[in-house]
Amino acid sequence: MSVADPWKPFREVMQAPWDHVASWKRQSGRKVMGHLLPDVPEEILHAAGLLPVAIEGGGVQASHAQALIPSYTCNHAMGAMEMGLRGELSVLDGMVIPYVCDTTRNLFHIWNTKFPNMANEFLRMPKRLDYPGVRAYLAAEFSRLFESMAKVSGQAAGIPELGESVLLYNRSRAKLREAYDLHQTNPSAWTADKVQLLIGSSLRAPREEHLKWMDALPWNEKVAGTPVDRIPVYVRGKVWDPPQILDLFDQLGLMIVRDEIVTGWRSIAQDAPLNGDPIAALVERHMATIPYTGYHESPERMVGKFVERVRSSGASGVVFLNPKFCEAAAFDTPDFQKGLEQAQIPSLILETSTRGVSLGQVRIRLEAFREMIGQDLP
Amino acid sequence: MQPIESLKLIKQIVIDYFTEAHSARQNGKPVVYVNVLTPVEILYAMDMFPIYPENHAAILGARKMSPDVAPAAEAMGYPIDLCSYARCDFGAIKTGLSPTFGLPKPDLLLVSNCQCGTLAKWFEVVSRHYQVPMVLIDVPHSGEGEPDPAAERYVRSQLEDLVGVTEKITGKTLDEERLKETIRVSQKASELWTRMLMLGANVPAPLTVFDQFVAMFPIVSQRGTQAAVDFYQALVNELEQRVAQGIGAVENERFRLYWDNLPIWPEMRALSTFLSDHGAAVVTSIYTWAWSQLAVGEDDPFRDWTQQYLYQMNLHLNKRIEHYSQLAREFKLNGFLYHSNRSCKYLSQDIPEVRRAVTEETGVPGVIIEADHNDPRLYTLESIQNQIGTFLELISTKKVKAAS
Ligand code: SF4
Ligand code: SF4
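Residues numbered from 1 in each chain as written. Chains lettered and ligands numbered in written order. Predicted model: local features only at pLDDT ≥ 70, side-chain atom pairs only at ≥ 80, totals over all residues. Heavy atoms only, no water.

Below, the discussion takes up the site of ligand 2. Residues and elements named next belong to chain B. If you check the shell around ligand 2, you find 13 residues, and the closest are C83, Q115, C116, C344 and H373. For the shell around ligand 2, the element with the highest residue contribution is helix α6 (residues 118-130), accounting for three residues. Along the lines of polarity and charge, the residues of the shell around ligand 2 split into eight nonpolar, four polar and one charged. (Near = heavy atom within 4 Å. Helix = DSSP H or I, 4+ residues; strand = E, 2+ residues; numbered from the N terminus. Nonpolar A, V, L, I, M, F, W, Y, C, P; charged D, E, K, R; others polar.)

A separate point is the sheet that holds strand β3 (residues 108-112) of chain B. Residue and element names in this part refer to chain B. The four strands lie next to each other as β2-β1-β3-β4, forming an open sheet whose pairing is parallel. The sheet terminates laterally at β2 (49-51) and β4 (134-137), the two strands that pair on one side only. On average, each strand axis in the sheet is tilted by 25 degrees relative to the strand beside it, whichever way the strands run. Relative to β4, β3 is paired through four bridges, and the arrangement is parallel. Its bridge partner lying in β4, V111 is registered against L136. Packing of α6 onto the sheet brings it into contact with β1 (31-33), β3 and β4, and relative to β3 it is tilted by some 170 degrees. (Pairing = 2+ DSSP bridges. Axes fitted to C-alpha atoms, helices over the stretch in contact; angles between N-to-C directions. Contact = heavy atoms within 4.5 Å.)

Turning our eyes to something else, we now look at the pattern of salt bridges. Here the idea is simple: oppositely charged side chains can pair when their charged atoms come close. Within this structure, the stated rule accounts for 54 salt bridges over all chains. Between D5 of chain A and R11 of chain A there is a salt bridge, with the nearest N and O atoms lying 2.3 Å from each other. With relative accessibility at 23%, the residue D5 of chain A sits in the partly exposed group. Among the residues examined, R11 of chain A registers a relative accessible area of 32% and is labelled partly exposed. Where E74 of chain B meets R377 of chain B, a salt bridge forms, and the shortest distance between an N and an O atom there is 2.7 Å. Linking E74 of chain B in helix α4 (residues 66-75) with R377 of chain B in the loop between β8 (366-371) and α17 (381-403), this pair joins segments that are 303 residues apart in sequence. Its relative accessible area of 22% is what places E74 of chain B among the partly exposed residues. Because the salt bridges share partners, they merge into one network encompassing R236, E260, R309 and D332 of chain A together with K121 and E124 of chain B. (Salt bridge = Lys/Arg side-chain N within 4 Å of Asp/Glu carboxyl O. Buried < 20%, exposed > 50% of the residue type's maximum accessible area, 1.4 Å probe, protein only.)

What follows concerns the interface of chain B and chain A. Counting residues at the interface gives 57 residues for chain B and 46 residues for chain A. Buried area between chain B and chain A, summed over both chains or domains, comes out near 4300 Å², and the portion from carbon and sulfur atoms is 53%. Counting every contact that joins chain B to chain A gives seven salt bridges. Viewed at the interface, chain A and chain B are joined by 29 residue pairs in polar contact (both at pLDDT 80 or more). If you list the elements that add at least two residues to the side of chain B that touches chain A, you get α5 (84-95), α6, β4, α7 (149-170), β7 (335-341), α15 (345-348) and α16 (351-362) of chain B. Of the residues in the side of chain B that touches chain A, the class split is 23 nonpolar, 19 polar and 15 charged. (Buried area = accessible area lost by both parts, 1.4 Å probe. Polar contact = N/O pair within 3.5 Å; in protein donor to acceptor, adjacent residues only side chain to side chain.)

A few words now on the packing of helix α7 (residues 159-185) of chain A against helix α9 (residues 207-215) of chain A. Residues and elements named next belong to chain A. For the pair α7 and α9, interaxial distance at closest approach is 10 Å and the crossing angle is 30 degrees. The angle between α7 and α9 falls in the class roughly parallel. Seen from above, α7 lies across α9 with left-handed handedness. Counting all contacts with α7, which are made through L168, Y169, R171, S172, K175 and L176, the residues of α9 involved are R207, E208, H210, L211, M214 and D215. Looking at the contact of α7 with α9 residue by residue, the classes come out as five nonpolar, two polar and five charged. (Parallel < 35°, antiparallel > 145°, perpendicular 65-115°, else oblique. Left-handed = near helix turned anticlockwise from the far one by under 90°.)

This next bit is on the sheet that holds strand β1 (residues 32-36) of chain A. Working definition: the strands of a sheet are paired by backbone hydrogen bonds and lie parallel or antiparallel to each other. All names here are of chain A. Here we have four strands laid out as an open sheet, ordered β2-β1-β3-β4, and parallel in their pairing. Each edge of the open sheet is held by one strand with a lone partner, namely β2 (51-55) and β4 (119-123). Across the sheet, the axes of successive neighbouring strands diverge by a mean angle of 25 degrees, strand direction being ignored. Pairing analysis gives three bridges linking β1 to strand β3 (residues 94-98), with the strands arranged parallel. Along β3, the bridge assignment pairs H35 with V96. Set on the sheet, helix α6 (residues 134-153) makes contact with β1, β3 and β4; between it and β4 the angle comes to about 175 degrees.

Right under this line is the structure:
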């Protein structure tokens, strides 16, 4: 690791995640578990002695997968399958796919058929967040996952190990939140792109190491020159797709004050409140996390809570990054947008696609949006 | 071709149902929007009136009204990639266009996601529109169908709590005897429906799935009522007679096919005629089988609903392959028509794999037809017919080869 460039290890992970994972595997002699986003508790995989690696299908150009999954499938699922079929995920010993929608449910079964030699697990996430019985169910499901992961790793792991993992991930999240906050106060040095580099790599590298790398970052760095006026925006969506969009936000002077992206603020916002039982802590963390689009609570409240999250973030506008063919997001968006309109908060919908989007187009639309919301600035 | 007389009753049944639906509110009956996998027997026992927005959307599709209503939903911001049932529903609410004078405003929305996740999201929109409460029966998928006691507790407790919700709305207490009575009626309809489906295994088949699609209305919308039982009894009697007399639905039945996924409602008549002209009888379909498994017992209906939602209706790839392979044998199929339905990701995304595995298992070939169950703007009839025509030629060469 170069002392001169403390960002290098993060970049290396993101540029060639599989090289890094393979070398970890060789050195440790342990197994690697892929997990499709969102909401697979990495702590459980970690405590079982596995390396959890997030699989992000967005941004992957599909060709092989098209023969296996119809084209009207979101790029997240399609991209994951594509990576699998191309052999890019061969370093994985298994895959956890969460049940968050019909697409991941179908994907799991197709995946399991195509990759029968992998230890594949379907995490049956409940959708109902407003039901008291959901906590007991989720706790049982997380326990089931823990047992299943311990079988994969062949490592005896229990509650104390899980407690340790929870603490480790809480520490990591706290540090990542610090970085996220620095983007708000010092966005020229702590760009959205850099912050996301940290979060993204944390989902792919061993957390212990990642924490150490983060310690070496220039936390107090200041950027010389006049601070540029930035317009605060809020982003709702699945993943940063196209990935270059973060750079666009930075370039266009749009500052992400908060987001609901599953590899963004949403993934670091909540710690698991460890108070004895680590499974219960993970359940609490899940319940307190910004609901994923496929989850359910009182429909009226879903909109109200969203608008409230946006309002309290101080954002001047909202960008919806909706994956094409994602039913859940498409059903939510019109009413969410209406809620924003009533609160006089402008918004923009950008649809991402399996065939990729033209960055030029995204830029033009974001620029126009910035002009529109920037007019309120003094 | 001798038409099935009992099917002519459907028109009146539909008219009566929607008349009753519209007057339900005036008669003080709370209206509940539901989907297929909800325990409507409880609603009947509580004097509530269940309505299936999917069914109404299918009527819009079959009457070729989708292009009149769906664009209104798209103008509201709901993309064309969304299930066309939902888009037709939103569009009908917006435009007021509907052959049934729309649907009466609901008092409650009740939906389970063991069918698809789409319905839950769709109902959320409706709930906000009408400002009415919604209950989601959340059914965690059962993986490969292995027992999951935690999920059983979770599903059962939601079903039990539903009784409290209905009691609060109606101000009544659930009468167990009435529930049992409704369950008995429901069982009867379900049994008759299954008997009817099985009749398709006869050669020649006395009915096709197109007849089943027409006959579906009561089992979908009136499960738990005597009207459904009476209709299916008459239908089964007539079909059994046809079997005894060797009357087939398709003259000179040459091909026996399977229809996967939902019908293409706007093209029902065109496709039925096209297939029949080619001597092809579509004798069974996953879609109509769904209603054969919905009956529960009187002893512990909550346990049965739980089992049904968690393990029977919760489709997964392997179960589907197994089921299709079994039907291929029982119904002596020589081809599968897989409708890759843009609207229904839930039933379509695994079709390429189902087709591969079923053919491998049974030797019966299949063709994938790209279309949409309710939105004719997303396909052309000509290309569907071309695909089917080519497929039939292929099977017929295979048959000749096998015979020589
Ligand atoms: S919720 Fe949407 S984006 Fe996520 S996997 Fe399902 S369809 Fe894709
Ligand atoms: S057509 Fe498919 S997606 Fe649409 S409501 Fe029916 S099962 Fe759900």
